[in-house]
Amino acid sequence: MNNVQLMVCDIMIMLVIEKPTKKNEPTQDGHLQLLLFESERAWSYAQDLLTLSLNQPPDASPSASSLRHHATGRFRRAIHWATQLLSTCQSLYTSSRLSALSLLEATIYTLILNGRFLRFRDDFDSALVQLSVARSLLDELADPLNAPTSRDQALASVFADEIGAEIRYCAHELGMERAWDVDSIVKDVGKKERAKLVDGVEEILKKYKEQVTESKGGHHQKEQRILEPLMWEGEPIPVRNPELVDVLLKVQQAEKKLDGAYDAILSALSDAEDVARRLAESQGSGGSGIPASNVGGAGPGASGGGTTRDVQFVHTYIVYQLLSRRIQRDLLLGSALISQAQVESESKSASTKSKTPSTGPGAATSQSKPTSGLKDANSKDVHPRILTATLKLLDTILQSLNQMRTLSIVDDNPDLAEAVDARVSWTRGRRCLNLAHCYASPPIRKYAEALTLIQHANLHLRETTSHLSLASQASSSGQGDGDDNADLTDLISSPPPNSGTIPFYALSQLEVRLLERELGRVGLRVKRDWFAWNGGVGQVTAADGSEESSKKQRTNKKKPPLFFNIALNYVELDMERLEERGGGKATMGAGTTTNTTKSSANTNTNTKTNTKPVEQTTTTMNTNPMKKSAALDHEDDMQSRSGTPEPSSASALGSGSGNQGAAATLRTGGAGGGLSSLLGGWWGRS
């Protein structure tokens, strides 16, 4: 940024001359601008010649001394035009056709040119006086109580910082002990000598203050030109650059008109961030003629003792405000989407209820079941498009929070850093919950991924609780014996006055607990849906990802067996006992058990007992469908198994006393006893 050009443009704007009362009056504002342009042209040419003389080789033509001599002539020409400009302004001020502010600016401009020319000629004593007087007048203009607008104050601060380094250099060349203390030098030298160099300076300053007071009387128009003080952690942030003042004034006006429309304020903050970034880059590269410690500002006398809040700090502050407003806008959009989805869902349910009346108390209870607000926002009734849009907004919010966390002003404040970390974890938890709803929706049905996301959301909620407790320690420490269940606050939910932060993302322990309960309910619902869909086994995915092939694979998948199909493998079914209790042919069973003498009759009788009870069971259990099915299954099983072989008498009458008891037992056993009764019908089963 060329500060000389900036000063010229400002003088062109501020030299407001009243129209002459006489028609033949020749003096107009263009005449003053012409004098100013002539002075600036000569001064710029002198600077170019001086730069060439420093880089000129010794044997080059023209020589360095010739160039310096030519530059001195152009310096004198610039001072001539500036002096003529000052004399014209004095005559206009005397006739009350020029304001006191314009006369002071023309006087300061002439003093700065004289001081720099004297410093060029190594006349440091006279240069120190000229520059100190100019600096004292600039301090008067930079006073917030005396400045008509914030731009005028910033412009005076810029030039006060610029000539501060030249005053320090002159004092150092003169051998002063406190050459670094520019404020004390200006106080001692400037205020003593300005009455000698400027005629009637006290009267001019008095009239200037009166005119400023009168102009501030119409505060309706001046409110738009006065920048409210910017605060951070209870300390002001003086903005000492006119470009920054212009863009921040637009931000201030947009904040006053903010009513749900964030386009204007975001646009103004973006412009302010661009200007601050360019100033910070020029400061870092050394391209600006203003000292690095005085671009962002810390008061009119900052050039004497240095400052800790430079333009880098101002740029970081603007970025923080921009991210805060952006997050606030995204949260508002998300709330609007959720509210719209709730209204549509309620209207749809109301229309369905009016068309389909309930037939019992159970239906009415299911329709009037209360749900929480968070569950309504993420329920199955919400269209997947709404969930996707909300998910994108959460991604944008998370990106803004991560960028905010890297700012130096956030990192230097532990409470604010913990508050931002809590919002990051909370947003990640909500994002995982929305993703879980998307994965568990009917078109996708990826329940395993949904449950994994719910587990991640629970972990993020634990991190949120930890960060909130750390961020709330400072605010709860001064409350004495507080309640453990009290809802603690932080610097973002309820910032203290003059903290520089705005309540853009409210978050409390109650909201964390509500989301935790919602995660439990959603997790249980996903598990039930998963079990109802395919029994809770692994996911069925198609090779091409189409819905038809997925349904086909799910249909062809082997289903788990029913209970009554596997019961006979573990429970013995006594059909004879069932036949006897059912009033069947119990006499045949008794007749077969009394026949113990004939071995040939044992086989026949055994065959009868294995077939006829089954027939009787099938005829007597037709009235019960479940019993009929079980009987049919047993009948098929009995027909498929082979008959139980009876041991022969020859083999039973073996030698030895050990086998005699067994042979006797076999001989005395009937058709229903013996080895078959011991095995219980399991012998020969396939």
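Look above for the structure.
Residues numbered from 1 in each chain as written. Predicted model: local features only at pLDDT ≥ 70, side-chain atom pairs only at ≥ 80, totals over all residues. Heavy atoms only, no water.

(A) Examining the packing of helix 19 (residues 447-471) against helix 21 (residues 509-534) more closely. Axis separation between helix 19 and helix 21 bottoms out at 10 Å; the angle between their running directions is 170 degrees. Considering the angle they form, helix 19 stands roughly antiparallel to helix 21. Here Tyr447, Ala448, Ala450, Leu451, Ile454, Ala457, Asn458, Leu461, Thr464, Thr465, Leu468 and Ser469 of helix 19 come into contact with helix 21, specifically with Gln509, Val512, Leu515, Glu516, Leu519, Val522, Gly523, Val526, Lys527, Asp529, Trp530 and Trp533. Taken together, the residues of the contact of helix 19 with helix 21 break down into 15 nonpolar, six polar and three charged. (Axes fitted to C-alpha atoms, helices over the stretch in contact; angles between N-to-C directions. Helix = DSSP H or I, 4+ residues; strand = E, 2+ residues; numbered from the N terminus. Parallel < 35°, antiparallel > 145°, perpendicular 65-115°, else oblique. Contact = heavy atoms within 4.5 Å. Nonpolar A, V, L, I, M, F, W, Y, C, P; charged D, E, K, R; others polar.)

(B) Quick peek at the environment of Ala160. Mapped onto the secondary structure, Ala160 falls in helix 6 (residues 150-173). By relative accessible area, Ala160 is classed as buried at 1%. Each C-alpha atom, one on Ala160 and one on Arg135, is 5.7 Å from the other, the two residues being 25 residues apart in sequence. Apart from residues no more than four positions distant in its own chain, Ala160 is found in contact with Arg135, Leu138 and Asp139. (Buried < 20%, exposed > 50% of the residue type's maximum accessible area, 1.4 Å probe, protein only.)

(C) Representation of the pattern of salt bridges in the model. Under the counting rule described, the total for this entry stands at 23 salt bridges. Among the ionic pairs, Arg431 bridges to Asp395, the shortest N-O distance being 2.4 Å. Of this pair, Arg431 sits in helix 18 (residues 414-439) while Asp395 sits in helix 16 (residues 384-405); the two residues are 36 residues apart in sequence, bridging distant segments of the chain. On the basis of relative accessibility, which here comes to 32%, the residue Asp395 falls in the partly exposed class. Three or more residues joined by partner-sharing salt bridges are found here, namely Glu243, Glu273, Asp274, Arg277, Arg278 and Glu281. (Salt bridge = Lys/Arg side-chain N within 4 Å of Asp/Glu carboxyl O.)

(D) Looking closely at the packing of aromatic side chains. Under the defined criterion, the tally for this structure stands at nine aromatic pairs. Each ring, one from Trp232 and one from Tyr317, has its centre 6.0 Å from the other, and the planes form 80 degrees; the classification is edge-to-face. Linking Trp232 in strand 1 (residues 231-232) with Tyr317 in helix 13 (residues 311-355), this pair joins segments that are 85 residues apart in sequence. Assessed through its relative accessible area of 2%, Trp232 is described here as buried. Aromatic pair Tyr447 and Trp533: ring centres 6.0 Å apart, planes at 55 degrees, arrangement tilted. (Phe/Tyr/Trp six-rings, centres within 6.5 Å; stacked < 30°, edge-to-face > 60°.)

(E) Main features of the environment of Asn241. Within the secondary structure, Asn241 sits in the loop between strand 2 (235-236) and helix 10 (242-256). Separated by 38 residues in the primary sequence, Asn241 and Leu279 have C-alpha atoms spaced 9.2 Å apart. Within the local environment of Asn241, its side chain forms a polar contact with the backbone nitrogen of Glu243, the two atoms lying 3.0 Å apart. (Polar contact = N/O pair within 3.5 Å; in protein donor to acceptor, adjacent residues only side chain to side chain.)

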